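Breakdown of the fold
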Amino acid sequence: MEYNPNEFEKKWRSFWEENEIYKVTNDFSKPKYYVLDMFPYPSGSGLHVGHPLGYVASDIFSRRKRMQGFNVLHPMGYDAFGLPAEQYAITIGVHPAKSTNDNIKKYRNQLDNLAFSYDWSRQVNTSDPAYYKWTQWIFIQLYNHYYDQAADKAMPIENLKAIFEKEGSKGAKAANSLDEDFTAAEWNAMSEKDQMSVLMNYRLVYRKAGMVNWCQELGTVLANDEVVNGVSERGGYPVTKKTILQWSLRTTAYAERLLNGLDNVDWSDALKTQQRNWIGRSEGASVFFKIKDHEANIEVFTTRPDTIFGATYMVLAPEHDLISKITTAAQKEEIAAYLAYVKSRSDVDRMSEVKKVTGAFTGAYAINPITNTAIPIWTAEYVLAGYGTGAIMAVPSDDDRDKAFAEHFNLPIIDVVDKTDYPGATLSDKVGKMINSDYLNGMEVKEAIEKMNSIIEEKGLGKCKINYKLRDANYSRQRYWGEPIPITYDEEGKDQPLAWNDLPLELPEMADYKPGNSTDSPLARNTEWVNSFAQGQLETDTMPGFAGSSWYFLRYMDPDNPNEFASEEALKYWESVDLYIGGAEHAVGHLMYSRMWHKFLFDIGKVPTDEPFKKLVNQGMIQGVIEYLYMKTEKTNGYSHFLCAGLAKKMEIPSDQIAQIPIHVDMVQDYGSAQSYLNIESIQKFIEWRPEYKDAIFECPNGTFHKGNFTPQNGATDSSLRTESVVGKMSKRYFNVINPDRVIEQYGSDCLRMYEMFLGPLEAAKPWDTQGIEGVYKFLKRFWSLFYTNEKFTVSDEEPTKAEYKVLHTAIKKVNTDVDRLAFNTGVSAFMVCTNDLKKMKCNKRAILAPLLTLLSPFAPHIADELWNQLGHSTSIALEAYPEFDPTYLVEDSITYPVSINGKKRATIDCAPDLPKEEIEKMALEVEQIQKWLEGKTVRKIIVVPKRMVNIVVG
RNA sequence: GCGGGUGUGGUGAAAUUGGUAGACACGCUAGACUUAGGAUCUAGUGCCGCGAGGCUUGGGGGUUCGAGUCCCUCCACCCGCACCA
């Protein structure tokens, strides 16, 4: 019988499901291991061959751990809320709840085909009220807590009230977004409403005025990715900034702990660095500058207080509150014009035109607190409202942007750091000797910074401060498809969370869920729902996509618990994720928010660990080959004109006269190879697919195809139109997506799994090679044939030879170490080597094949169970113990030493493993080929590395 | 610009601690069995050279008996962040 996966793969998948082979119990007697995949957002287009890469890897890892006696939690779920789901639903005109469910079914089916050992009874769906009840519960917990910087943890907001009553705001060291301090007396005199607004500025989720992308023409708020080049993606209408009240997550309170926590997790350096950069910690000083003829102060943050003698002007961000207050009458017009200009520019403009220097003078002057000189106050878009204090002291001598600005507007420049001792140092390097700086003169920069910091603190001009790039996350979406925020507002506007037993606050069914005609969410139109609680009107914004994904891995531990998000016992047992595999695109989003939520839950005693993911691995992307047709940008006689890629290169047509048109890879002959081409039939197919090119000219080296006719040249009868093959993203827009279902139809699920692993290192990006899968398929056929002689299942009970045992145990050892280090590609090759060796030995002995089958089962579970069954077993091989490596089988009878002369290999010798060094040296020198190299030379030294090599140094 | 990563045959790649570079595959070449082969099997396949031999892990330099691996330097490509005070 031939290996025919289609005959048995489905059968085993049903067997596993019916017998609940992968069911995970909270059996606390076994050691636990938690392997997590980043759960997918179930998009309408389903999985492509790249998605399951990480899933296959984690599945192999989990299956092996399970066979090694661990209780392995390896669950899967769906990140079902969010903008893409809503957009997809709007596009196809189906309610998101329905389209999401349809997509989930599609995904489930595709995932099942890949034979993942998930315990589906633990499935999580973020859009399920039973799940988001707890997302809302955590939201309320965040709402009810503030960050106490003295205790360095979250504390109940009630504590804060008590402090305010006795000591006012100064009594608390708490993360907040409040500008002014207040005394106990002031607090006690406040109305309840005012107290609530004050407290709002301390909560870990809080409401503040925030900017949204507002599109007047569409009459709606747009997400960042719906804005392209400053205009709406749909329709291309202008988008402006609008300020509305929005919920925010106080991630910044955890900045330091998020940074320090990275030292204790096993993540790649690349990923840790990305998070560190995102947090962007910088030490400096915040300094207050008085404004001439005004009450107000300008607070700036600087990492270079040493350069304050060189501060010749100040810049406020265009959004800064003070601009309107301090602008002089004479400058009003200019400032207004500038602010209008800035407003017209999108974030993308501002980012892409970094080099452009723009700005305007307010007419006002600030007093440098150290030199007491008056310096002009400008506004310019190069200062960002969201970073630091939104204001800077500009030191043109030591900052590139300040310098460019000063030069452009003719502002004075005072050199304050002499860098002559540091050739090659750039402006921003913190080195050099201070000059033109009064009492700092002669100091090294480092020393000067310390000195200045102490002066600033002593004189009360400001204080040392640590600043973070990290910003509080916007937590409101003016959209339908998300978790409703469980907060109400009474007639006075006082906010209040819902009571526990009012949760979940369900998202109401709405026929019209499209974004509305105002900055309000669609939910605002459902007045019945908004007014469904006596305590006040419901918040109508919903939570963002990353809310549900910030804690889903905890719910898997105890997915059906109606009383808690997970029981204490379950949390204590499963603790945290041991291995997390997922895409690198979540490096700073999901992975940062999850960590923050986890730290918060840890603070309030709900989870046992401070970090959620011990080890994290990013799988690389599987790329596709994009096939391009070359088309001349200018039409020929009014016809589109395609060229053979080879021809275009030969003719050396400049690249601006050639357009590359991606073509569906199914139409290309020899797809993916350097010789990929279209024949006349494929050109016909292309024209049918893209009728706009039905009259196009296709010019090949041996003729021209036009309007259904091929006109040969030089007597040729046929010709081919070469396409250009480029490795790139696998994506719908390049028509090069490989659907795993089709691969499985052709080669089977085991083959797809093993091939994905065989392609290359898990973490590397690598192209999918349609032909390469044949190699793995051949291997499976060969492996199968070990069990078959003359088309009959034949396995011998004879005792294996030493050599056969050696082959088996070499594989056991190699596969084990490879899976341990997630090197699945070399693991697969170990199976190939082993199979090739056994095939050569014609080994069909049970004592070899049975353990080999268990070894293979995590990689290829179907073939393993099929052959296991044929070996006479009635249960799944997944329940067997993993084979253990026995080193006694690997003891060598003799060792082959390479013998090198001056590091170049010239011969090999075989010696007994325990032969003393002197004997090995003697043997090596006696070899004929070596003798030849020693002629006329002196042996200076012989190096013998036991069990490795011999090197003879001559001269 | 800053940060991170990667450069090894025609291709995907391997080499766990400095110790036989190119395992395992794809592709290619030749052969066998075949009416046929996109099936299977066998052999070969880094480059140059008839050969002895020489060269070879992006380029250059260094440490070492010995370097893909360590150090310095330059180059190319990929990814992330991007006016961060």
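Just so it is clear, the structure is predicted and the values come from calculations on it, not from any experiment.

**Structural notes on the overall build of chain A**
- Broken down by element type, chain A carries 30 helices and 42 strands.
- Of all 955 residues assigned to chain A, the portion counted as buried reaches 53%.
- For chain A, the proportion of contacts with a sequence separation of at least 24, taken over those separated by at least 6, is 70%.
- When the accessible surface of chain A is summed, it comes to about 43,700 Å², and 49% of that surface belongs to carbon and sulfur atoms.

**Section: the protein's contact with RNA strand B**
- What surrounds RNA strand B is a group of 50 residues, the closest being T303, K469, L759, N836 and N951.
- Here the atoms of RNA strand B within 4 Å of the protein split so that 61% fall in sugar or phosphate, with bases taking the remainder.
- Contact distances for RNA strand B include 2.7 Å between a phosphate oxygen and a side-chain N or O atom of R401.
- Between a base oxygen of RNA strand B and a side-chain N or O atom of K905, the distance comes to 3.1 Å.
- Counting residues per element, the surface near RNA strand B draws most heavily on helix α26 (residues 824–841), at six residues.
- Classifying every residue of the surface near RNA strand B gives 22 nonpolar, 13 polar and 15 charged.

**Things to note about the domain arrangement of chain A**
- Partitioning chain A into structural domains gives domain 1 (29–139 + 546–619), domain 2 (145–259 + 489–538), domain 3 (281–468), domain 4 (622–728) and domain 5 (895–954).
- On a C-alpha basis, the centroid separation for the pair domain 1 and domain 2 is 27 Å.
- Contacts between the two partners involve 27 residues from domain 1, matched on the other side by 25 residues from domain 2.
- Across the domain 1/domain 2 interface, buried area totals approximately 2,300 Å², and carbon plus sulfur atoms make up 68% of it.
- Counting the surface domain 1 buries against domain 2, the share from its top three residues, F139, M596 and D603, is 25%.
- The interface formed by domain 1 and domain 2 contains two salt bridges.
- Summed over the shared surface of domain 1 and domain 2, the result is nine residue pairs in polar contact (both at pLDDT 80 or more).
- At the level of secondary structure, the elements contributing two or more residues to the side of domain 1 that touches domain 2 comprise α3 (83–92), α5 (129–143) and α19 (590–603).
- Per-element tally for the side of domain 1 that touches domain 2: the top contributor is α19, with nine residues.
- Looking at side-chain class alone, the side of domain 1 that touches domain 2 contains 17 nonpolar, four polar and six charged residues.

**Side note on the sheet that holds strand β39 (residues 895–901)**
- Ordered by their spatial adjacency, four strands build an open sheet running β40-β39-β42-β41, and the pairing between neighbours is mixed. Strands at the two margins of the open sheet, each flanked by one partner only, are β40 (904–911) and β41 (939–945). On average, adjacent strands in this sheet sit at an angle of 20 degrees to one another, irrespective of strand direction.

**Considerations on the sheet that holds strand β8 (residues 220–222)**
- Pairing is antiparallel in the open sheet, where four strands are placed in the order β8-β7-β11-β21. The sheet terminates laterally at β8 and β21 (473–474), the two strands that pair on one side only.
- The pairing of strand β7 (residues 205–215) with strand β11 (residues 240–249) spans 10 bridges and is classified as antiparallel. Directly across from V212, in β11, lies its bridge partner K242.

**Overview of the pattern of salt bridges**
- Under the criterion given, the structure shown has 41 salt bridges.
- The residue R753 makes a salt bridge to D59 at a minimum N-O spacing of 2.8 Å. Taken as a pair, R753 in helix α23 (residues 749–758) and D59 in helix α2 (residues 52–67) lie far apart in primary sequence, 694 residues in all.
- The class for D59 is buried, based on a relative accessible area of 0%.
- Salt-bridge contacts for K615 lead to D266; the nearest nitrogen and oxygen are separated by 3.5 Å.

**Structural notes on the pairing of strand β26 (residues 613–619)**
- By the criterion of burial, β26 is predominantly enclosed, with five of the seven residues buried.
- The sheet contact formed by strand β25 (residues 577–583) and β26 spans six bridges and is parallel. If you follow I581 over to β26, its bridge partner there is V617.
- Each parallel crossover has a hand, and the one from β25 via α19 to β26 is right-handed.

**Let's talk about a positive patch on the surface**
- There is a patch of like positive charges on the surface, built from K778, K781, R782, K839, K840 and K842.
- Among the secondary structure elements, those contributing two or more residues to the positive patch are α24 (773–785) and α26.
- Among the elements that take part in the positive patch, α24 stands out by supplying three residues, more than any other.
- Secondary-structure assignment places K839 in helix α26.
- Its relative accessible area of 34% is what places K839 among the partly exposed residues.

**So, the packing of α23 against α24**
- For the pair α23 and α24, the least separation of the axes is 9 Å and the interaxial angle reads 125 degrees. Looking at the two axes, α23 sits oblique to α24. Here α23 and α24 pass one another in a crossing that is right-handed. Contacts between α23 and α24 involve D750, C751, M754, Y755 and F758 from the first element and I773, V776, Y777, F779 and L780 from the second.

**Quick look at unusual backbone geometry**
- Residue P504 follows L503 across a cis peptide bond; omega there is 0 degrees.
- Even without glycine at this site, N372 takes up a positive phi of about 60 degrees.
- Within the secondary structure layout, N372 lies in the loop between β15 (360–367) and β16 (374–379).
- For N372, a relative accessible area of 58% corresponds to the exposed category.

**Let's talk about the pairing of strand β14 (residues 313–316)**
- Side-chain alternation along β14 places Y313 and V315 on one buried face and M314 and L316 on a second face that is also buried.
- Pairing geometry for β14 and β16, over three bridges, is parallel. Each residue of the ladder has a partner; that of V315, found in β16, is W378.

**Topic: the packing of α2 against helix α25 (residues 802–820)**
- Where α2 meets α25, the closest approach of the two axes is 10 Å, and the angle between their N-to-C directions is 120 degrees. One finds that α2 runs oblique with respect to α25. Judged by the sense of rotation from one axis to the other, the crossing of α2 with α25 is left-handed. Touching I60, F61 and R64 of α2 are N816, V819 and D820, all from α25.
- Taken together, the residues of the contact of α2 with α25 sort by class into three nonpolar, one polar and two charged.

**Examining empty space enclosed by the protein**
- Summed over all chains, the structure comprises one cavity of 30 Å³ or more.
- Of the voids in this model, the largest cavity is the one considered here, and its volume is about 50 Å³.
- Those elements that place two or more of their residues in the lining of the largest cavity are α2 and α28 (861–870).

**Notes on the packing of aromatic side chains**
- Scanning all chains against the criterion turns up 65 aromatic pairs.
- Geometrically, the ring pair formed by Y55 and F116 is edge-to-face, given 6.0 Å between the ring centres and 85 degrees between the ring planes. Within this pair, whereas Y55 is found in helix α2, its partner F116 is found in the loop between α4 (96–113) and β4 (124–125), the two being separated by 61 residues in sequence.
- A residue is classified by how much of its surface remains accessible, and Y55, at 8% relative accessible area, is buried.
- Ring pairing ties together the aromatic residues Y3, F8, Y747, Y777, F779, F783, W784, F787, Y788 and F793, which thus form one cluster.
- The ring of W16 has R63 lying over it, and the distance from NZ or CZ to the ring centre is 5.5 Å.
- Positioned over the ring face of W689 is R690, at 5.4 Å from the centre of the ring.

**Here's the deal with the environment of L322**
- By secondary structure assignment, the location of L322 is in helix α11 (residues 322–326).
- Taking the C-alpha atoms as reference points, L322 and V899, 577 residues apart in sequence, are found 80 Å from one another.
- Apart from the residues within four sequence positions on either side, L322 is in contact with I291, A296, N297, I298 and L316.

**Describing α28**
- With eight of its 10 residues buried, α28 lies for the most part within the structure.
- Listed as buried for α28 are P861, H862, I863, A864, D865, E866, L867 and W868.

Thresholds, definitions, all that
- Residues numbered from 1 in each chain as written.
- Chains lettered and ligands numbered in written order.
- Predicted model: local features only at pLDDT ≥ 70, side-chain atom pairs only at ≥ 80, totals over all residues.
- Heavy atoms only, no water.
- Helix = DSSP H or I, 4+ residues; strand = E, 2+ residues; numbered from the N terminus.
- Buried < 20%, exposed > 50% of the residue type's maximum accessible area, 1.4 Å probe, protein only.
- Contact = heavy atoms within 4.5 Å.
- Areas by Shrake-Rupley, 256 points an atom, 1.4 Å probe, with all protein chains shown as cover.
- Near = heavy atom within 4 Å.
- Polar contact = N/O pair within 3.5 Å; in protein donor to acceptor, adjacent residues only side chain to side chain.
- Nonpolar A, V, L, I, M, F, W, Y, C, P; charged D, E, K, R; others polar.
- Domains from an automatic or database assignment.
- Buried area = accessible area lost by both parts, 1.4 Å probe.
- Salt bridge = Lys/Arg side-chain N within 4 Å of Asp/Glu carboxyl O.
- Pairing = 2+ DSSP bridges.
- Axes fitted to C-alpha atoms, helices over the stretch in contact; angles between N-to-C directions.
- Right-handed = clockwise from strand over helix to strand, strands pointing away.
- Patch = residues over 30% accessible without salt bridge, like charges linked within 9 Å, V, L, I, M, F, W, Y side chains within 5 Å.
- Lys, Arg positive; Asp, Glu negative; His and termini not counted.
- Charge placed at Lys NZ, Arg CZ, Asp CG, Glu CD.
- Parallel < 35°, antiparallel > 145°, perpendicular 65-115°, else oblique.
- Left-handed = near helix turned anticlockwise from the far one by under 90°.
- 1 Å grid on protein atoms, 1.4 Å probe; cavity = no way out; pocket = protein on both sides within 12 Å on 5 of 7 lines; lining within 4 Å.
- Points joined across faces, edges and corners; volume = space filled by probe spheres on them.
- Phe/Tyr/Trp six-rings, centres within 6.5 Å; stacked < 30°, edge-to-face > 60°.
- Lys NZ or Arg CZ within 6 Å of the ring centre and 35° of its normal.

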